[in-house]
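Fold and contact review
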Protein chains: 2
Amino acid sequence: MEGSSLENHKIDVEKNFKKYEKIADKLKAIAHPYRLCIVKGLIDGECNVTTIQECLNLPQSTVSQHISKLKSAGIIEGRRSGLEICYRVVDNDIIDVVKLLLND
Amino acid sequence: MEGSSLENHKIDVEKNFKKYEKIADKLKAIAHPYRLCIVKGLIDGECNVTTIQECLNLPQSTVSQHISKLKSAGIIEGRRSGLEICYRVVDNDIIDVVKLLLND
DNA sequence: TAAAAGTATTATTATATCTTAATATTACAA
DNA sequence: TTGTAATATTAAGATATAATAATACTTTTA
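Residues numbered from 1 in each chain as written. Chains lettered and ligands numbered in written order. Predicted model: local features only at pLDDT ≥ 70, side-chain atom pairs only at ≥ 80, totals over all residues. Heavy atoms only, no water.

1. Structural notes on the pattern of salt bridges
With the rule as written, the count across this model stands at eight salt bridges over all chains. Taking the shortest distance from any N to any O, the salt bridge between Asp25 of chain A and Lys28 of chain A comes out at 3.7 Å. Linking Asp25 of chain A with Lys28 of chain A, this pair stays in helix H1 (residues 2-30), spanning three residues, or about one helical turn. Take Asp25 of chain A: its relative accessible area is 45%, and that puts it in the partly exposed class. Residue classification places Lys28 of chain A among the partly exposed positions, given a relative accessible area of 44%. Among the salt bridges present, the one from Lys26 of chain B reaches Asp91 of chain B, with a minimum N-O distance of 2.7 Å. (Salt bridge = Lys/Arg side-chain N within 4 Å of Asp/Glu carboxyl O. Helix = DSSP H or I, 4+ residues; strand = E, 2+ residues; numbered from the N terminus. Buried < 20%, exposed > 50% of the residue type's maximum accessible area, 1.4 Å probe, protein only.)

2. Concerning the relation of the copies chain B and chain A
Turning chain B through 180° and shifting it by 0.0 Å along the axis lays it on chain A, with an RMSD of 0.1 Å. Taken together, the rotation angle and the small translation identify this as a two-fold axis. Mapped onto chain A, 100% of the interface residues of chain B are again interface residues, and the two copies thus contact each other with one and the same surface. (Least-squares fit on C-alpha atoms with pLDDT ≥ 70 in both. Contact = heavy atoms within 4.5 Å.)

3. Regarding the interface of chain B and chain A
Each partner contributes residues to the interface: chain B has 34 residues there, and chain A has 34 residues. Both sides of the chain B and chain A interface together cover about 3400 Å² of buried area, and 78% of this is carbon and sulfur. Here chain B and chain A share zero salt bridges between them. Taken together, chain B and chain A are joined by two residue pairs in polar contact (both at pLDDT 80 or more). Sorting the residues of the side of chain B that touches chain A by element identifies helix H1 (2-30), helix H2 (33-44), helix H3 (49-56) and helix H5 (92-102) of chain B as the ones contributing at least two each. Top contributing element to the side of chain B that touches chain A by residue count: H1 of chain B, with 14 residues. When its residues are assigned to classes, the side of chain B that touches chain A shows 20 nonpolar, four polar and ten charged. (Buried area = accessible area lost by both parts, 1.4 Å probe. Polar contact = N/O pair within 3.5 Å; in protein donor to acceptor, adjacent residues only side chain to side chain. Nonpolar A, V, L, I, M, F, W, Y, C, P; charged D, E, K, R; others polar.)

4. Overview of the packing of aromatic side chains
Summed over the entire model, instances satisfying the criterion amount to two aromatic pairs over all chains. Each ring, one from Phe17 of chain A and one from Tyr34 of chain B, has its centre 5.7 Å from the other, and the planes form 35°; the classification is tilted. Here the residue Phe17 of chain A occupies a position in helix H1, and Tyr34 of chain B occupies one in helix H2, the pair thus bridging two chains. (Phe/Tyr/Trp six-rings, centres within 6.5 Å; stacked < 30°, edge-to-face > 60°.)

5. Some remarks on the protein's contact with DNA strand D
Taken together, 25 residues are adjacent to DNA strand D, and Gln65 and Lys69 of chain A together with Thr50, Gln60 and Tyr87 of chain B come closest. Protein-adjacent atoms of DNA strand D, using a 4 Å cutoff, are sugar or phosphate at a proportion of 54%. In the environment of DNA strand D, a phosphate oxygen lies 2.8 Å from a nitrogen or oxygen atom belonging to the side chain of His66 of chain A. At 3.5 Å from a phosphate oxygen of DNA strand D is found a main-chain nitrogen or oxygen belonging to Val49 of chain B. For the surface near DNA strand D, the secondary structure elements donating two or more residues are helix H2 (33-44) and helix H4 (60-72) of chain A together with H3, helix H4 (60-72) and strand S2 (84-89) of chain B. Split by residue class, the surface near DNA strand D holds seven nonpolar, twelve polar and six charged. (Near = heavy atom within 4 Å.)

6. Let's talk about the state of the cysteines
For the structure on display, the rule yields zero disulfides over all chains. Here Cys37 of chain A stays free of any disulfide, with the sulfur of Cys55 of chain A as its closest cysteine sulfur at 7.3 Å. The closest cysteine sulfur to the non-disulfide-bonded Cys86 of chain B is located on Cys47 of chain B, 7.9 Å from its own sulfur. (Disulfide = S-S within 2.5 Å.)

Here you go:
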């Protein structure tokens, strides 16, 4: 019984390693308390960097760096509206993951 | 409309920062392609380190280090059975997250 | 167009993570 | 009790991530 299952797993590993890398990258993007907080905030109601910065009480450049990582990972997108840029979470898997982990 | 929502978020942030840290630590534990692969393998059918090592084609100490991190994070537990140690995933949230992310 | 607000980028330092060889531990068998 | 298989630990170098001050960019308004 174990032989078949392990064989399947082995094939699965080889075939899907790129997939694991992609998902790991996404997870890495939210595996930080500030970024998790930012994502949660954006899920609850999109807002701009200044607002997030005030919430977290961090230097502007720190927040911007975290925003940048989330953007690079494809988790959030921003649209400019005048001086401000409004971000929102565009990765539905990540929305599900964050809701799953925070709603206990 | 925005004032109240943002106030709530601010309070939420302060109140739940420890929670964000804990969850971020869990996510960090699985935010690595090898460890994701190990967790997925253990979800599909628990097995020992040697088997995992053969699947991933990595040095034994590398696998053992990753196993160790998952164990420290409370994601897996092992029980010895003779020479082998069988690990299994004991964190149900993580099981849900991994299934969610890999079953697309 | 000059100033100011909102945001991004760069550069730097500190800290953490990753990989792996070498070594140690644990349990079983001869 | 020695040898061996399975796993863990240690140590070290390489790489990546984190925080933040300083600076630059972009858009609006005066």
